[in-house]
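Residue-level structural notes
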Amino acid sequence: MTTRPLFASLLLISSALVSPAALAQDAVQSTPPTEDVAEPSTDAAPGDVPAEEEPDVSIPGGADQEIVVTGRYTPNVVRATPEVVSVLSSADIARTGEGDISGSLQRVTGLSVVGGGFVYVRGLGDRYSLALLNGSPLPSPEPLKRVVPLDIFPSNVIDSTLVQKSYSANFPGEFGGGVINLTTKATPRESFLTFSGGVGWDSETTNELGYTYYGSDTDWTGFDDGTRDIPPLLSAALASGKPILEGADFTQDDLEAIQMELVNAETTLLQQNNHIPVNWSAGVTGGTTITLPDGELGIIATAGISNKWRTRDTLQQTTLNQDLSGDPQTSFNRVITDNRIVVNGLLGFGLELGDHKFRWTNLYIRDTLKQARLGLGSDANQVGRDILKQDTAWYERQLINTQLVAEFDFDQLQLDLRGGYANSQREAPYERSFTYVRTNLPLAQDPTGDKFINDLGGNRGDATIAFSDLNEDLWSGGIDLSYELAPRITATVGYAYTDTHRVAVRRAFQFRASGLPVPVTQLRPDYLLSDASIQLYDITLIETSAQDGTAAFEADLVTHAGYAQLQAELTSGVNINAGVRYEDGKQTVVPVDLFNTGGGAIVATNLKNDYWLPAVTLTWEVAPDMQLRVSGSKTIARPQFRELIAQVYLDPDSNRQFRGNPSLTDSELWNAEARYEWYFARDQRVTVAGFYKSIDRPIEAYTSISTDSLANTSFANAPKATLYGAEFEVQKYIPLDTLSDSAFWQSRRLVLIGNYTWTQSEIKVGAGDTTVINGVELDANDFFFDGSPLTGQSDHLVNVQIGLEDQDKLSQQTLLLTYASPRITSRGPSGQPDIREKPGIQLDFVARQGFTVFGKEIELKFEARNLTGRTFKEVQESGDNQIFLNRYKLGRSFSLGASLKF
């Protein structure tokens, strides 16, 4: 960490030197996955795996008797489903050792995780994929997304994950790359109680220098104790319908009173911590089953908390030159310390009455990020000057979900009902930023040339504060009716409804003063904005919320859909799953006129479209252990809410501003795929697939550079794009009992799992093609390069797992390697090269060992992540010229966990 001592001294400058005075049962199986365990739950929401069969097998037992054996047979899900799927069972998730489900999903063929939990399927961005929880849609707590980030789902609440890559009509039409159906833990067959905990260490963070701020007494829990609540005077001013500035019904005395009510030092004062704490987590899971006269009632509950730290020593640059030559326009070294706390809880009830099943699932997730940043850099607009920036922030993301599913089985007729309500929220109170400037001029020219100055809005520094809030409600419901017309011929019809409503508000302010005495401009942030400074020097507050876009917006998406689907065996070994979906969607995004100005230049969005979406998959069993699938379909992708609204949003991870485009339209996709599958042994397979997609009006991100040193990203419809590629997957187990007569090797086997995905895509832009941005039709060639790949698409994805595991007891040691080739994250600004991320190679090791002590089951888990010590790079390149929009070391991490089951 060669730069951090410098930042330590900078912090002293800014804060001290100028101080005026000094599941089911534990879903982690104790045996490796076999045909009889570790398949996904079978609660029949759309896309769930086939139900288990319990055949009676009669075996002759002599002249006068017959032995009847009742067995439970679970088919191989990947093989038995009528579509192209990949499955992560509870055992698969446990083997990867990942703490959240997005980490496990990046091991699936063709999947990659980009930008903090957003899953890309076959190179298509998260907008082209669909995430469901037990078959029902999910809202997102992210301002920039309508798709929920999967890194907020801890692995301990998820039992299995099914990824379907070929479209079928029972799924929503927004299915470009695929659907990811998360299944929460089901009710147990027997009572259990498990306690778990763990600690972790990161080479770039733990016991190293980082930054934080006080906040409140309860920040470590992820819940603020009320310190960050909006004060009464500011709350009343926000509700007044007037911009908060002098002359708009507010006097200078009013503005000073509002400022003095704001929590100051607790949210402002950056503190150096030379020994960032270790990461830790704790959890408890329990369940029981109650026998009823005609069935049984199962109950499962889980609760957990994790507290993790991450420090990034970043280089962030921008340039205005097309060939990236010369010095960067802006260049900043920033040290960013994140303290992320995730709290989760699950409460599920399952009732079985004869052949009918009912399930009520309740999920709570709260994901909080406490962030502190300190940066030093330069800006070409301020030649020769050093610029010091410090930022403090608190981001709360929360998801509450409740679902009710009913499955009725009347022999040939099956009726499934589902309904759900979900609420997501994101609050970001007290986003504070301070800028200090040092001119470096000779003291004869500038007596303060060797000091950092913040004159609050002159030409040497500023101070800002912002409060933002997002609330999204999602109601959903559906019905599916299936009837067996004849043996191996089933017809299904269904209806689905969703109603999503989002409200987002961001109120931003700047502190301004004129003629501050030099000693005051050198004060650290909390003294600069102290009550005494505000009153003595008439520091005022100016609202800047609507200077660039709108301060608030409301968004709605209502869909109605009906579908019909036929699954049949055409002839021996040849099956078809064909259907068509009619989907009607109305999407509106409307700026909220907070200040009663009668409107403005911000364009509202009103998209109302309906589609017929056909889908067909043909499966041919060419041999008892081989089959070939061919599928074709049409699907759509709608713009996400945040992409449609002209409101500025700062992404704390990339330090990039985003601003929507109200003129975006839906994308339409035509999809084709063929896959060969060979199941050469139990639980072992080889698959090879090819796929092709044609996309009309794909939505792509492009970047521009603002005058405040931040890279700005917006969105536009490209004319057309194509994507095609191939996948290869192999899963092989090798018994090791032949190596030695030792008991150690008799039950052990070598696990070899690997997959490779090759993808190519290109945007097609011709002469005369246009795109519409904020209501203005512009030349598409100014925003897109013909032949460029789609954003987020890597040419090569590789996943390899090599492990040793015991088949009789829990003992697993696994090496996991992941590689993703460079991918575009955004279009370059003003004809510059595109911005590329270089994920590179990551090597992990996970070991799990189970044993029994005093009759209690104990599991120990050791994880070592990023053993190659890769660096995150987001870069522009032109010849030998490079501009790093983001570069930092990820660090190696190590953790040790344990669980105790009663």
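Residues numbered from 1 in each chain as written. Predicted model: local features only at pLDDT ≥ 70, side-chain atom pairs only at ≥ 80, totals over all residues. Heavy atoms only, no water.

**Topic: the overall build of the protein chain**
A tally of regular secondary structure across the protein chain gives 12 helices and 44 strands. When burial is assessed residue by residue, the protein chain has 56% of its 902 residues classed as buried. Within the structure as shown, the protein chain displays about 35000 Å² of accessible surface, and the carbon and sulfur contribution to it stands at 56%. (Helix = DSSP H or I, 4+ residues; strand = E, 2+ residues; numbered from the N terminus. Buried < 20%, exposed > 50% of the residue type's maximum accessible area, 1.4 Å probe, protein only. Areas by Shrake-Rupley, 256 points an atom, 1.4 Å probe, with all protein chains shown as cover.)

**Remarks on the pairing of strand β43 (residues 881-889)**
Inspection of the sheet shows strand β42 (residues 871-878) paired to β43 by 8 bridges, in the antiparallel sense. Within β43, the position partnered with Glu874 by the bridge is Asn886. Remark: 2 residues form the turn of the hairpin made by β42 and β43, two consecutive strands paired antiparallel; Gly879 in that turn has positive phi of roughly 60°. (Pairing = 2+ DSSP bridges.)

**Quick look at a nonpolar patch on the surface**
Side chains of Leu570, Leu618, Trp620, Val622, Leu628 and Val630 sit close together on the surface and give an oily, nonpolar patch of about 510 Å² of accessible area. Within the residue set of the nonpolar patch, elements represented by two or more residues are β24 (605-623) and β25 (626-637). Tallying contributions element by element places β24 first for the nonpolar patch, with 3 residues. For Leu618, a relative accessible area of 37% translates into the label partly exposed. (Patch = residues over 30% accessible without salt bridge, like charges linked within 9 Å, V, L, I, M, F, W, Y side chains within 5 Å. Salt bridge = Lys/Arg side-chain N within 4 Å of Asp/Glu carboxyl O.)

**A word on the environment of Glu837**
Among the secondary structure elements, Glu837 is positioned in strand β39 (residues 835-837). Sequence spacing of Glu837 and Ile824 is 13 residues, and the spatial spacing of their C-alpha atoms is 6.2 Å.

**Some remarks on unusual backbone geometry**
Glycine aside, a negative phi is what most residues show, and trans is what most peptide bonds show. Positive phi values are uncommon outside glycine, yet Leu456 reaches one of about 55°. As for its position among the elements, Leu456 is in the loop between β18 (413-438) and β19 (462-486). A relative accessible area of 0% places Leu456 in the buried class. One non-glycine residue, Arg488, adopts positive backbone phi at about 65°. Tracing the chain through its elements places Arg488 in the loop between β19 and β20 (489-512).

**Overview of the nonpolar core**
Among the nonpolar cores identified, the biggest contains 38 residues, and Leu234, Ile244, Leu456, Phe509 and Phe511 are the most heavily contacted of them. Contributing elements (two or more residues each) for this core: α5 (232-238), α6 (252-261), β16 (356-379), β17 (386-410), β18, β19 and β20. Counting residues in hydrophobic clusters, the runner-up holds 22 residues, among them Ile101, Leu105, Val108 and Val121. (Core = buried A, V, L, I, M, F, W, Y, C linked by side-chain atoms within 4.5 Å.)

**Digging into the packing of aromatic side chains**
All told, the structure shown has 18 aromatic pairs when counted by the stated rule. Pairing Tyr702 with Phe783 gives two aromatic rings, centres 5.1 Å apart and planes at 70°, and the pair type is edge-to-face. A residue pair is termed long-range when its members are at least 10 positions apart, and Tyr702 in strand β30 (residues 699-705) and Phe783 in the loop between β35 (776-779) and β36 (796-806) qualify at 81 residues. Taken as a pair, Tyr702 and Phe783 share a single burial class, namely buried. Ring geometry for Phe872 and Tyr888: centres 4.9 Å apart, planes at 15°, overall stacked. (Phe/Tyr/Trp six-rings, centres within 6.5 Å; stacked < 30°, edge-to-face > 60°.)

**A closer look at the sheet that holds strand β9 (residues 178-184)**
In spatial order, the strands read β3-β8-β9-β6-β7; together these 5 strands make up an open sheet with mixed pairing. Two strands in the sheet have a free side with no partner beyond their single neighbour: β3 (85-88) and β7 (136-137). Relative to β9, strand β8 (residues 158-164) runs antiparallel, the two being bridged by 6 bridges. Bridge pairing in β9 places Val163 opposite Ile180.

**As for the environment of Pro277**
Here Pro277 lies in the loop between β12 (271-273) and β13 (279-292). When its relative accessible area of 33% is taken as the criterion, Pro277 is described as partly exposed. For the pair formed by Pro277 and Asn307, sequence separation is 30 residues and the distance between their alpha carbons is 9.7 Å. Among all residues touching Pro277, those that are not within four sequence positions of it are Thr206 and Trp309. (Contact = heavy atoms within 4.5 Å.)

**What about α6?**
Side chains of residues three or four places apart in an α-helix project in the same direction, reflecting 3.6 residues per turn. Gln252, Leu255, Glu256, Ile258 and Gln259 are the residues of α6 that are buried. One face of α6 carries all of its buried residues, which in axial projection span an arc of 160°. At its buried positions, α6 is contacted by α5, β20, α10 (531-536) and β21 (540-543). (Arc of directions from axis to C-beta.)

**So, the pairing of β3**
Every second residue of β3 is oriented toward a common face, with Val85 and Val87 on one face and Ser86 and Leu88 on the other, all of them buried. Bridge analysis of β3 against β8 gives 4 bridges, and the strand direction is antiparallel. Paired with Val87 across the two strands is Leu162, which belongs to β8.

**Some words on the side chain of Glu643**
Tracing the backbone through its elements, the reader meets Glu643 in helix α11 (residues 641-644). Taking relative accessible area as the criterion, Glu643 reaches 2% and is therefore assigned buried. Ignoring anything within four residues of it in the chain, the contact list for Glu643 reads Arg127, Gly660, Asn661, Leu664, Ile699 and Phe715.

**Things to note about the pattern of salt bridges**
Under the criterion given, the structure shown has 38 salt bridges. A salt bridge links Arg502 to Glu472; the nearest nitrogen and oxygen atoms lie 2.6 Å apart. Note that Arg502 is positioned in strand β20 and Glu472 in strand β19, a separation of 30 residues in sequence. The residues Arg502 and Glu472 share a single accessibility class, namely buried. Arg697 is the salt-bridge partner of Glu668, the closest N and O atoms lying 3.2 Å from each other. Residue Glu668 is found in strand β28 (residues 667-681), and its partner Arg697 is found in the loop between β29 (684-696) and β30; the two are separated by 29 residues along the sequence. Taking relative accessible area as the criterion, Arg697 reaches 31% and is therefore assigned partly exposed.

**Brief notes about the side chain of Thr206**
Looking at the secondary structure, you find Thr206 in the loop between β10 (192-202) and β11 (210-212). Residue class for Thr206 comes out buried when judged on its relative accessible area of 5%. Looking at Thr206, its side chain comes within polar contact range of the main-chain nitrogen of Asp202, at 2.7 Å. (Polar contact = N/O pair within 3.5 Å; in protein donor to acceptor, adjacent residues only side chain to side chain.)

**Describing the confidence of the model for the protein chain**
For the protein chain, per-residue confidence averages 85 on the pLDDT scale, and residues scoring 70 or more make up 86% of the total. Below pLDDT 50 for its whole length, residues 5-74 participates in 172 contacts with residues either more than four positions away or in separate chains. (pLDDT = per-residue confidence, 0-100.)

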